[in-house]
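# Fold and contact review
Given next are the chains, with one letter for each unit.
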Amino acid sequence: MNFINVIKPTHICNLACTYCYNEDVRKPIMSKQTLQKLIYENFSYVRKMGAFTGIEFIWHGGEPFIAGIDFYEAAVQFQNEYAQGLHYINTIQTNATLFNNRWLDFIIKNNFAVSVSIDGPKDIHDENRIDHKGRGSFERVMAGIKKLREANISFGSVLVVNKKNKKYIDEIYDFLLSEKIAFNIIPLTKSGSAATSFDNLGLDAEEYADPWIKLYDRWFEAAGENYIYISDFVRKTQAIMAGRAADCIGMSQCGNANCSTDPLGDIYPCASLSGHSDLKFGNINDHSLFDIMNFNSAKAWRTRKVDKNCSVCKWQHVCHGGCQSRSYNFFSGNYNVRDYYCPSLYKTYEHIEQKLLTKGIKARAPFIDHMNDGLGDTAAFLNIQRDEANKIDITAI
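Residues numbered from 1 in each chain as written. Predicted model: local features only at pLDDT ≥ 70, side-chain atom pairs only at ≥ 80, totals over all residues. Heavy atoms only, no water.

## Thoughts on the overall build of the protein
Heads up, the rule is: Runs of H or I in DSSP of at least four residues are treated as helices and runs of E of at least two as strands, each being numbered from the N terminus. Values of the radius of gyration come from C-alpha atoms, whereas the globule rule sets the reference at 2.2 Å times the count of residues to the power 0.38. By the convention used here, residues are in contact when the closest approach between their heavy atoms is within 4.5 Å.
When you go through the protein residue by residue, the secondary structure sums to 15 helices and 9 strands. Since a compact globule built from 397 residues should have a radius of gyration of about 21 Å, the 20 Å found for the protein is in line with a globular shape. The principal-axis extent of the C-alpha atoms belonging to the protein is close to 55 × 45 × 40 Å. Sequence separation of at least 24 residues holds for 72% of the intrachain contacts in the protein that already meet a minimum separation of 6.

## Thoughts on the nonpolar core
How we decide: Remark: nonpolar core denotes a set of buried residues (Ala, Val, Leu, Ile, Met, Phe, Trp, Tyr, Cys) joined through side-chain atoms within 4.5 Å. Burial status follows relative accessibility: with a 1.4 Å probe on protein chains alone, a residue under 20% of its type maximum counts as buried, one over 50% as exposed, and anything between as partly exposed.
One finds Leu-35, Trp-59, Tyr-72, Phe-99, Val-114, Leu-215 and Ile-230 to be the most contacted residues of the largest nonpolar core, which totals 112 residues. A per-element tally of this core places helix 2 (residues 69–82) first, with 8 residues.

## Describing unusual backbone geometry
A cis amide bond, omega 15 degrees, links Gly-61 with the succeeding residue Gly-62. Considering the arrangement of structural elements, one finds Gly-62 in the loop between strand 2 (54–59) and helix 2. Even without being a glycine, Asn-152 presents a positive backbone phi close to 60 degrees. By secondary structure assignment, the location of Asn-152 is in the loop between helix 5 (138–150) and strand 5 (156–161). We classify Asn-152 as exposed; its relative accessible area is 72%. Positive phi values are uncommon outside glycine, yet His-320 reaches one of about 55 degrees. For His-320, a relative accessible area of 17% corresponds to the buried category.

## Brief notes about the sheet that holds strand 8 (residues 266–268)
Quick note on the threshold: Pairing between two strands requires that DSSP report at least two bridges joining them.
Strand order in the open sheet made by the 9 strands is 6-5-4-3-2-1-7-8-9, with mixed pairing throughout. Edge strands, defined here as strands with exactly one partner in the open sheet, are strand 6 (184–187) and strand 9 (282–283). Relative to strand 5, strand 4 (residues 113–117) runs parallel, the two being bridged by 3 bridges. From the neighbouring strand, Val-116 faces strand 5, where its bridge partner is Ser-157.

## Things to note about helix 8 (residues 209–221)
What counts here: Multiplying 1.5 Å by the residue count of a helix minus one yields the expected span of that helix.
Between its first and last C-alpha, helix 8 extends 18 Å over 13 residues, near the 18 Å set by a 1.5 Å rise per residue. Every buried residue of helix 8 is listed here: Ala-209, Pro-211, Trp-212, Ile-213, Leu-215, Tyr-216, Trp-219 and Phe-220. Buried residues along helix 8 sit in contact with strand 5, helix 6 (169–178), strand 6, helix 9 (231–242) and helix 14 (342–357).

## Points about the pattern of salt bridges
Convention followed: For salt bridges, the criterion is a side-chain nitrogen of Lys or Arg within 4 Å of an Asp or Glu carboxyl oxygen.
Using the criterion set out here, one finds 25 salt bridges in the structure. Here Asp-131 ties to Arg-135 by a salt bridge, and the two come within 2.8 Å at their closest N and O atoms. What makes Asp-131 buried here is its relative accessible area of 3%. In this structure, Lys-280 engages Asp-266 in a salt bridge whose closest nitrogen and oxygen atoms are separated by 3.3 Å. Placement of Lys-280 in the loop between strand 8 and strand 9 and of Asp-266 in strand 8 is noted, with a sequence separation of 14 residues between them. Given the relative accessible area of 35%, Lys-280 is considered partly exposed. One salt-bridge network, in which partners are shared between bridges, spans Lys-163, Lys-166, Asp-204 and Glu-207.

## Let's talk about the pairing of strand 6
Put simply, the rule reads: Here is how to tell: hold the view so the strands point away, follow the path from the first strand over the helix to the second, and if it runs clockwise the crossover is right-handed.
Because side chains alternate across strand 6, one face comprises the buried residues Ile-185 and Pro-187, and the other comprises Asn-184 and Ile-186, none of which is buried. Note: strand 5 against strand 6, 4 bridges, orientation parallel. The residue bridging Leu-159 from the neighbouring strand is Ile-185, located in strand 6. For the crossover from strand 5 across helix 6 to strand 6, the handedness is right-handed.

## Notes on the packing of aromatic side chains
Stated precisely, the cut-off is as follows: Pairing of aromatic side chains requires ring centres within 6.5 Å, counting the rings of Phe and Tyr and the six-membered ring of Trp. Pairs whose planes differ by under 30 degrees are stacked, by over 60 edge-to-face, and all others tilted.
Scanning the entire structure with this criterion turns up 36 aromatic pairs. Here the aromatic rings of Trp-59 and Tyr-72 are separated by 5.4 Å at their centres, their planes lie at 85 degrees, and the arrangement is edge-to-face. With Trp-59 in strand 2 and Tyr-72 in helix 2, this pair connects stretches of sequence that are 13 residues apart. Grouping residues by exposure puts Trp-59 and Tyr-72 together as buried. An angle of 55 degrees between the planes, with centres 4.7 Å apart, marks the rings of Trp-301 and Tyr-335 as tilted. Pair noted here: Trp-301 is in helix 11 (residues 296–302) and Tyr-335 is in the loop between helix 13 (324–330) and helix 14, with a separation of 34 residues, a long-range link. Like Tyr-335, Trp-301 is buried.

## Regarding the packing of helix 6 against helix 8
As a reminder, the rule being used: As a rule, the C-alpha atoms of each element are fitted with a line to give its axis, helices using only the stretch in contact, and angles between N-to-C directions run from 0 to 180 degrees. To sort the angles, those under 35 degrees are grouped as roughly parallel, those over 145 as roughly antiparallel, those from 65 to 115 as roughly perpendicular, and the leftovers as oblique. Note on convention: the crossing is left-handed when the near helix lies turned anticlockwise from the far helix by less than a right angle, right-handed when the turn is clockwise.
Closest axis-to-axis distance for the helix 6/helix 8 pair is 10 Å, and the angle between their directions is 40 degrees. Relative to helix 8, the element helix 6 is oriented oblique. In the crossing of helix 6 with helix 8, the sense of the turn from one axis to the other is right-handed. Counted together, Ile-169, Asp-170, Tyr-173 and Asp-174 of helix 6 and Pro-211, Lys-214, Leu-215, Arg-218 and Trp-219 of helix 8 form the full contact between these two elements.

## Points about the pairing of strand 4
Burial within strand 4 is extensive, with 4 of its 5 residues counted as buried. With 4 bridges connecting them, strand 3 (residues 87–94) and strand 4 associate as parallel partners. Considered in strand 4, the bridge of Ile-92 is made with Val-114. Taken together, strand 3, helix 3 (residues 101–110) and strand 4 form a β-α-β motif whose crossover is right-handed.

Below, the structure written as structure tokens:
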């Protein structure tokens, strides 16, 4: 299991999506001094802990490309200097509008994984993913995707499901399938611009399940050219089959293996919580990451209490109350309660169980793995057969 640090070199973005979750209004770009200290401390922390297989650096934002290519060239230099044999990977989450040949060469040379943000065909995407002048970004995003393809760079994407696009699930699936764009699916979280627009765009606690299930059924029944990789479906299906969580929102204590760093070097439990002073663990310029992860604020986050409703839930072992950050954002800072989307999560787990039964596969009883806290190599554990796209081959089990 990797230790994951979601690094936000800047909160500045060239787009102004109506449901952006960022609440941090500070506009700096991370200094190279902070970057160097951060990368050094990540490797030192993982080496000292001894429980992780490596590190995943996820470069986020804002729009992370705004930090400039020199920033990432320095990051790679520091990684090469401090890794000392430790495994690490880099992933960058981008709106795909700023690609040029120099960026493409850098990504290829340094083996960065890429994820872009896209919500489906033009009319659906441009409804919410707009720039500061209110103009849709679809054409610019697709131009960036074309450049990635011309450079033979593989990539994934993120789809935000909301009240306006939930009616067009088939159209979204067909579009992403036709473009051969693998994706993840997430709901809105109630923070930043999304908090202001939540009444118009946010899905109710039980409402998220409907588009999720409709999309899941398309994915589950797909074969051959009709199949597209959807990471949330893969992970949750793995969880039901393995009897343990397979994604960060299902972990009993997500803070044991995740943190996020803002442009000033402040450490938070999650990228969606930057700027919340009550959740700031510490600053990487002032303390070691090991010390920061053991300060009281970090310990409190890493020892989330079990909601009384979760303790008797059938799916507690794969869900553990759902996303802790969403609990904080939806319930006035209380992260010791279950996820706002709990009713939908329950429906999705129930649905997965029933779909697997149609293939003769039963849900596995809870699997206890104290070392990995429920998150590990479920594919190896189950000996799941998958194709090169990491699809779970249900028919082969």
